[in-house]
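# Examination of the molecular architecture
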Amino acid sequence: MSTLKKIPFFLVLLVLFFCLHGSVENYGYLHVKEVIKIAAFILLGMAVFFAIVWLFTKNYLLAALITIFVFIWYLFFGAAHDLIKTTSFLHFLSAYAVLLPVLLVFNVAVIWWLKRNPQLYQKLFLYLNILFLLFCVVDGFFLLKKYSNYQEVKISNPVSFNFSEVTDKPNVYFLLFDEYAGYKSLQDSFGFKNDSLYQFLQQQQFTVMPGFSNYDFTPYSMSSVLNMQYVPQTSSNQMLTQSDIQHRFGEIRNAQVPAIFKQMGYTIENYSVFDFKNNPALAQTNGLFPIHAALLTNKIFHKRLVKDIGWWFVTGKFQIPFFKKQVLYKDDDYNKKVVNLVLQTAKNKTTTPSFIYAHLFLPHGQYFRDSIGALNSPEQISDLANKSIYLSYLKYTNKVIKKLVSNINANDPNSIVIIMSDHGFYDYNVLGDYHPFNFDNICMVKQPASDSGEFGLPASNVNFFRYLFNTAYKQNIPYVKDSTVFVIEDGAFK
């Protein structure tokens, strides 16, 4: 017992509890190596902070107590902030202009109180050591329970596929352009006729599909496309939680389309932010939703601060050039990397066919470039409801599409090439965020040898791969009913 009064085990136990608690909440979507790496960084930061405080106080008991206090609110800041925002009598604290000064004063007050009460140090050590040990034991139990009960997400109605009918196996390029608006919405809402792109693709032997997207939210849309069916109705589409999003990621990880291609002998090239089984995502982070390590770290103090008020430091008199480059333009680098990988893949000559899934955040906000490819200012990049800036970025995206298609056709002329968007533009500033044009997207396909037969063109994204398997791989898969589902994502990524 005397040891628990003198040694600050609680510093390590706090980090262990943070990682255990996050792992329980996000079980199945975090890798062990990611959790260990996060724990190591936090412990290192804690050790440095403790050493600095000890240099000033010359009292390791006081230094340990100050460290634990600061790191508790630092690690769980986002959770506390969410609680403040949803509690009516605390809502006045939610604004950072109020919260940050209050937090500073609170820190000073606690440190002053600790310095004035050294007789409590050993009691606090005992209390904190026991408390965090209990927290870790409880979360350890829940983690073991998750482990013993865990099951991969299973697709409820798998499509029947007759592999014996398959004769030709061309490479398949599935090029997904996030939030690319359809022809009608661009013409009616933006006053822009996207004829140059459509004419170019038709000259390149593409068929323009008359389809629309089934969901206005990327994880839902991609789950339905890659599984050729709708997201289960048991899922809530209203005010999503992180659990809802994770389930969509699980459906994509075990999706039917890449699994079918793999069973046909295809190599899977995954240039996206979504994991496929045994084919991990190209990017471990993105600016839209937390994935991988971000599931554990997105609520810690500096991450939440960057997310909520990071724009203070990329524009105006407070801007930090290094911060602006590393944070603001990160996803632009991702898009360039995806383009280069697709171009390189098209040049490579392999003996086995490939299914290439490239997910580009083009012309999805943030709007990094104008129509000629020059970088936009920070203010323009984040002006997501600005139609003129979006339209300029879309024109830049057209150049990217033409470049990709031209190179693929030159280097891999017998391949199947799919140009699709998961949903249309959706920052129309309308009540409830719903607008019919949210679902107006693009969908074109070039398949050199196919037989449309009796199937006709699919009317929505959910039926696209049913159509492709029917026409290019001699299947007889029926279409499902075409429909749209509006998803309210507010609250899912706090």
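This text goes with the structure placed above it.
Fair warning: this is a prediction, and the values are worked out from it, not measured in the lab. (Residues numbered from 1 in each chain as written. Predicted model: local features only at pLDDT ≥ 70, side-chain atom pairs only at ≥ 80, totals over all residues. Heavy atoms only, no water.)

## Focus: the packing of helix H1 (residues 9-25) against helix H2 (residues 32-57)
Direction vectors running N to C along H1 and H2 enclose 150 degrees, while the axes themselves pass 10 Å from each other. Classed by the angle they form, the pair H1 and H2 counts as roughly antiparallel. Crossing of H1 over H2 shows right-handed handedness. For the pair H1 and H2, the contacting residues are Leu11, Val12, Leu14, Val15, Phe18, Cys19 and Ser23 in the first and Val35, Ile38, Ala39, Ile42, Leu43, Met46 and Phe50 in the second. Residue classes in the contact of H1 with H2 are distributed as 13 nonpolar, one polar and no charged. (Axes fitted to C-alpha atoms, helices over the stretch in contact; angles between N-to-C directions. Helix = DSSP H or I, 4+ residues; strand = E, 2+ residues; numbered from the N terminus. Parallel < 35°, antiparallel > 145°, perpendicular 65-115°, else oblique. Left-handed = near helix turned anticlockwise from the far one by under 90°. Contact = heavy atoms within 4.5 Å. Nonpolar A, V, L, I, M, F, W, Y, C, P; charged D, E, K, R; others polar.)

## Focus on the sheet that holds strand E4 (residues 354-360)
With mixed pairing, six strands are arranged side by side in an open sheet as E2-E6-E5-E1-E4-E3. Both outer strands of the open sheet, strand E2 (207-208) and strand E3 (267-271), are each paired with one neighbouring strand and no more. Here E2 runs beside strand E6 (residues 443-446); their pairing, made up of two bridges, is antiparallel. By the bridge assignment for E6, Thr207 is matched with Val445. Taken strand by strand, helix H15 (residues 330-347) contacts strand E1 (172-177), E3 and E4, and its axis lies near 160 degrees from that of E4. (Pairing = 2+ DSSP bridges.)

## A look at empty space enclosed by the protein
Where empty space is left becomes clear once a probe the size of a water molecule has been rolled over the atoms. Under the defined criterion, the tally for this structure stands at two cavities of 30 Å³ or more. In this model, the largest cavity occupies a volume close to 190 Å³. At five residues, helix H10 (residues 242-253) tops the list of elements feeding residues into the lining of the largest cavity. Within the lining of the largest cavity, the residues separate by chemical class into eight nonpolar, six polar and two charged. (1 Å grid on protein atoms, 1.4 Å probe; cavity = no way out; pocket = protein on both sides within 12 Å on 5 of 7 lines; lining within 4 Å. Points joined across faces, edges and corners; volume = space filled by probe spheres on them.)

## As for H1
For an α-helix, 3.6 residues make a turn, and residues three or four places apart therefore share a direction. Taking 1.5 Å of rise per residue, the 17 residues of H1 would be expected to cover 24 Å, and the 24 Å separating its terminal C-alpha atoms lies within 8% of that figure. For H1, the buried fraction is high: twelve of the 17 residues fall into the buried class. Among the residues of H1, those classed as buried are Phe10, Leu11, Leu13, Leu14, Val15, Phe17, Phe18, Cys19, Leu20, Gly22, Ser23 and Val24. Along its buried surface, H1 packs onto H2, helix H3 (60-75), helix H6 (121-149) and helix H12 (294-297). (Expected span 1.5 Å × (residues − 1). Buried < 20%, exposed > 50% of the residue type's maximum accessible area, 1.4 Å probe, protein only.)

## Brief notes about the pattern of salt bridges
Counted under the stated rule, the structure contains eight salt bridges. For Asp82, the salt bridge goes to Arg304, with nearest N and O atoms at 3.1 Å. Taken together, the residues span a long stretch of sequence, with Asp82 in helix H4 (residues 77-86) and Arg304 in helix H13 (residues 301-309) at a distance of 222 residues. The pair Asp82 / Arg304 is uniform in exposure class, with both members buried. As a salt-bridge pair, Glu251 and Arg248 come within 2.7 Å of each other at their nearest N and O atoms. Of this pair, Glu251 and Arg248 are both found in helix H10, three residues apart, which corresponds to roughly one turn of the helix. On the basis of relative accessible area, Arg248 is assigned to the buried category, the value being 1%. Ionic contacts of the salt-bridge type, sharing partners, join the residues Asp82, Lys85, Lys299 and Arg304 into one network. (Salt bridge = Lys/Arg side-chain N within 4 Å of Asp/Glu carboxyl O.)

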